[in-house]
Structure formats: C-alpha cells, structure tokens
Amino acid sequence: MNVHIRFLGAAGTVTGSKYLVEFNGQSVLVDCGLFQGYKQLRLRNRDPLPVMPNHIGAVILTHAHLDHSGYLPLLAKEGFRGKVWATPATRDLAQILLPDSGHIQEEDANFANRKGFSKHAPALPLYTESDALDCLKLMRTVSMHQVFEPLHGWKASFTSAGHILGAASLLLEVGGKRILFSGDLGRPDDSLMNPPDQPPAADVVVVESTYGDREHPEEDVLAELGPALARVAARGGTAVVPVFAVGRAQEILHAIALLKANGVLPHSLPVYLDSPMAIHTTDLYDRHLGEHRLSAAQCRDMEHVAKMTRSADESKAIAQQHGPKIVLAAAGMATGGRVLHHLVQYLGHHRNMVVLTGYQAPGTRGASLSDGATKLRIHGQDVPVRAEVVQMKSASAHADASQLMDWLRALPAAPHRVFVTHGDMGASDALRHRIETELRWQAMVPEHGSTWAA
C-alpha cells in the first residue's frame, strides 16, 4: 500500500501550508496554515477541506507562523479532535499567535460592520479568540531530535530549522517511507537564530522555496537599517515599521539597541513596540535561551530599547507624541492589526517613512508599497502614499536560494524525489530547475490539491 501526500496549501504559492500524508486509512496533517495575500487565496480559507476534519488523525506543526498554524482553530471548530504535535517553543508561540489571530479577526469584522464597507452582511470572522483558546488544549510538545508516534505505527522527529523560536524540520516515517519536510528554513548567518541542523536521510523531501530565485545581499541589517532610521530621525519624521510579531520584531529591536549603543541613532529617539503579541513573544527569548544567539543581557537590551504599548489607548496615544520616533507594529505585510492605523496616520506626509523588513507576499499592502503604489486601500478608503518607503533586503528569516541548495546537498543520500513548495511560482520553479540541473535529482512543483505517491 502506497503512502500519499496531498498538497492542500503552499503549492504554487508561499502561504497556507498544509500537507496531508495518508497511509492505510490513516492521515496526518503536516502544518495547518492560513492562506494570506491575494483575495483569491484568502477565499480558500473559507472553502471546506477535501477531507473531513474528524478523519484527520493528528496534526504536526513545523512552527508557529500563521501561514503554518493559523487554520488550526477552524480545523478544531469543524470537528478535529486529534493531537497537535509541536516543539515547546512552537506551543508557547501558538498560545500567543492563535488567540491574537482570532481577536484580530473579530475586531476587523466588527470594524467592517460598523463602517459598512464589507460586502457581507454581517462580516464574520473565520474563528474567534475563544475558538483559538479551545484548539490549544489539543497541543502536545516534543523536544528536538526526540522520536514520537503521532499515530500508532507512525514515527516522527524534529530537527532545528532556525528561522524562528521552535521552528523545525520534520522527518515522518510511515509505510516504509521517510518523508522530510523542511518547514521554513532559516539562514546560517541569521543575527538572532541558530543555523538549521543538518538534514537526515529521506526518500522524499518537501522543501520550501520562499527565496528560491534570489540571493540575500551581503549587506547586514545594521548597515541597511541604521542609515534609513537616522535619515528619518534627522528630518523629524516617524518611521512606521510593519513587523512580524514573531522573529522580525525581535530582530529589529535587537538591531535598534545595537544602533543606539554604537551612536548611529540618538539614545533619546523614542521607539514603540505597538503589538501585544510581539511584546509577549519578546519575553519568550529569555525562556528559550540556547535556541537563539542572544545572551541573557542582550535579551534585556532588546526588551528595554522600546516602550511596550499594550492597550488600544496606549496605541492611539502614540499619534500625540510629536517629533521623530520609530513605531514597530504588526502585521509584517500590513495585512491587518494596529499597523494599519499608523499607516493611515503617517503615510500621507513626505517626512515620514515606512520600513518594510522582509518578504511581502503578492497581493498584500506591503507588496503594494514595495512596488511603488501611490495610494493604499485601508479600511475602505484610499490613503495617499507620500512617505518614503524603504524595502529592506537583509532582514529575511528565510534561507536564500544558495542556502536552500546547501541544505539539500547536506542530505546523506539523494532522495527519490523533491517536492518544491511554499514559494511564488517563479521562485519554486527556479529552485526546481537548480535541483534538477545541479544535483541531478527528480524535482517538481506540485499543484494545489494534487496527490502524489511518496
């Protein structure tokens, strides 16, 4: 009997990771992510899965980012009752991210209903904060390199993927097959996270390709971020920095602490971290020392460099603070959350700046800004873009094309097949081509919804 993999997300796109592994009437879902970006992708979140949630035996999360975990509350709401396996740090992050995701969806739906700009009457969230809290009860933790049984007769183990706290590659062994899921791979030279572990031997590899057609610049975060922030501070403007609450926010905070310590930025320059989720995540770095490069002292510096604005009233009060300042707020692609209110406030003036700190998925507001949009649609209105827009190239938490190839080359033996996923079509196909020409391995980019034998 064959083992099959069904690609229910992150196939031909960089979002919505879901891989259903099926054998002998049982199934395990590897990652359970939300689709983000283009509307036609986001609409998939409301489509029923081609498998009943109560027929899925277990879920295994490679890491906590919402494009890998954010569908879990809906899966549980619709009947999934199995265990959700993750590393301890992924569990800790999911306890922050998933309820926040539900809360934001409720807020956005309520805001749309009050303002009347939704095409649906009433606008409804995919799931609520309460739904997210319920699904967290299903989570079970397992340490890196520890073998566990997600279902009877199935074996699995995590190895570190770098990227963010708790991020892992997953080796799944079933039906005589060894299937390796890269998860999101970090950079060997990341300023926060340790490098990914060497991959174990596998028959089939499912590898991400976010940067499958690109190389990271040699310039580091400090060299790129310092001049931009110094420039906006000198002209008395506000820098709005959309950040991913997990990983990117902490990298930028660490960089700002170093820039202030080195005299590149004034010690008196106000910095705000306007994201309860990012604030809670920052606190986790102390709890998981050893999973990242920072010392306990550097963690404290990162925590103290910014004023932590937890409440909505504190967030609104930032606009009353005149003079230069830096505002870090989620979400990293400007898809929702508090950063939208800051963009409405500051986009329209030329002395201000928007700093985009990483990959911007097509169809997001961040991608529109990166592409030079002159106006941005926010909360049903068109906001003019007069602020300077800076797209950072050095702050990515993903391995670039050559680093992905290096990770694949480190496999102890050639796999039978490589599936290239979690990338825009151009990036995925470019990596597929390199795998086939440089490694002489069989590689392909699966289509959304397709099923392949492992």
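Everything quoted here is computed from the prediction, not taken from an experiment. (Residues numbered from 1 in each chain as written. Predicted model: local features only at pLDDT ≥ 70, side-chain atom pairs only at ≥ 80, totals over all residues. Heavy atoms only, no water.)

What to know about the overall build of the chain
Logical step 1: Per the secondary structure count, the chain includes 14 helices and 21 strands.
Logical step 2: At 21 Å, the chain has a C-alpha radius of gyration in line with the 22 Å of a compact globule built from 454 residues.
Logical step 3: Along the first, second and third principal axes, the C-alpha set of the chain runs to 65 × 50 × 40 Å.
Logical step 4: A total of 454 residues make up the chain; the buried ones form 59% of that total.
Logical step 5: Look at the contacts in the chain between residues 6 or more apart in sequence, and 74% of them connect residues 24 or more apart.
Logical step 6: Approximately 17,900 Å² of the chain is accessible, and the part contributed by carbon and sulfur atoms is 50%.
Logical step 7: Of the side chains in the chain, 43 bear a positive and 46 a negative charge, and the two mean positions are spaced by 5 Å. (Helix = DSSP H or I, 4+ residues; strand = E, 2+ residues; numbered from the N terminus. Rg over C-alpha atoms; globule rule 2.2 N^0.38 Å. Buried < 20%, exposed > 50% of the residue type's maximum accessible area, 1.4 Å probe, protein only. Contact = heavy atoms within 4.5 Å. Areas by Shrake-Rupley, 256 points an atom, 1.4 Å probe, with all protein chains shown as cover. Lys, Arg positive; Asp, Glu negative; His and termini not counted. Charge placed at Lys NZ, Arg CZ, Asp CG, Glu CD.)

Describing the sheet that holds strand S8 (residues 168-174)
Logical step 1: Read across the open sheet, the 6 strands follow the order S7-S8-S9-S10-S19-S20; overall the sheet is mixed. Unpaired on one side and paired on the other, strand S7 (155-160) and strand S20 (443-444) mark the two borders of the sheet.
Logical step 2: Pairing geometry for strand S9 (residues 177-181) and strand S10 (residues 204-208), over 3 bridges, is parallel. In the strand pairing of S10, Phe-181 is matched with Val-206.
Logical step 3: Seen against the sheet, helix H13 (residues 401-409) touches S8, S9 and S10 and runs at an angle of roughly 160° to S10. (Pairing = 2+ DSSP bridges. Axes fitted to C-alpha atoms, helices over the stretch in contact; angles between N-to-C directions.)

What to know about the packing of aromatic side chains
Think of a pair of aromatic rings as described by two things: how far the centres are apart, and how the planes are tilted against each other in angle.
Logical step 1: Taken as a whole and judged by the stated rule, the model has 6 aromatic pairs.
Logical step 2: Ring plane angle 55° and centroid distance 5.0 Å describe the contact between Phe-7 and Phe-419, whose orientation is recorded as tilted. Taken together, the residues Phe-7 in strand S1 (residues 4-7) and Phe-419 in strand S19 (residues 417-421) connect sequence positions 412 residues apart. Across the pair, Phe-419 and Phe-7 agree in class, each one buried.
Logical step 3: Members of the aromatic cluster, connected to one another through ring pairs, are Phe-7, Tyr-19, Phe-181, Phe-419 and Trp-452. (Phe/Tyr/Trp six-rings, centres within 6.5 Å; stacked < 30°, edge-to-face > 60°.)

Observations regarding the packing of helix H7 (residues 248-261) against helix H8 (residues 276-287)
Logical step 1: In the contact formed by H7 and H8, the axes pass within 9 Å of each other and the chain directions differ by 70°. Viewed along their axes, H7 and H8 adopt a mutual orientation that is roughly perpendicular. Across the interface between the two elements, Ala-249, Gln-250 and Leu-253 of H7 pack against Ala-278, Thr-281, Thr-282 and Tyr-285 of H8.
Logical step 2: By residue class, the composition of the contact of H7 with H8 is 4 nonpolar, 3 polar and no charged. (Parallel < 35°, antiparallel > 145°, perpendicular 65-115°, else oblique. Nonpolar A, V, L, I, M, F, W, Y, C, P; charged D, E, K, R; others polar.)

A word on the nonpolar core
Logical step 1: Ranked by internal contacts, the top residues of the largest apolar core, which has 100 residues, are Leu-75, Leu-225, Ile-256, Ile-326, Leu-328, Leu-408 and Ile-435.
Logical step 2: If you tally residues by element for this core, the top one is H7, at 7 residues.
Logical step 3: One finds Val-21, Ala-58, Ala-168 and Phe-181 within the second-largest nonpolar core, a separate group that totals 30 residues. (Core = buried A, V, L, I, M, F, W, Y, C linked by side-chain atoms within 4.5 Å.)

Topic: the pattern of salt bridges
Logical step 1: The final tally for this structure, using the stated rule, is 19 salt bridges.
Logical step 2: The partner of Asp-213 in a salt bridge is Arg-214, with the nearest N and O atoms 2.9 Å apart.
Logical step 3: For Asp-213, a relative accessible area of 42% translates into the label partly exposed.
Logical step 4: Accessibility expressed as a relative area gives 30% for Arg-214, which makes it partly exposed.
Logical step 5: Note that Asp-274 and Arg-338 form a salt bridge whose closest N and O atoms lie 2.6 Å from each other. Separated by 64 residues along the polypeptide, Asp-274 in strand S12 (residues 271-274) and Arg-338 in the loop between strand S14 (325-329) and helix H11 (339-346) bring together distant segments of the chain.
Logical step 6: You can call Asp-274 buried: its relative accessible area is 1%.
Logical step 7: Overlapping salt bridges bring together Glu-215, Asp-406, Arg-409, Arg-434 and Glu-438 as one network. (Salt bridge = Lys/Arg side-chain N within 4 Å of Asp/Glu carboxyl O.)

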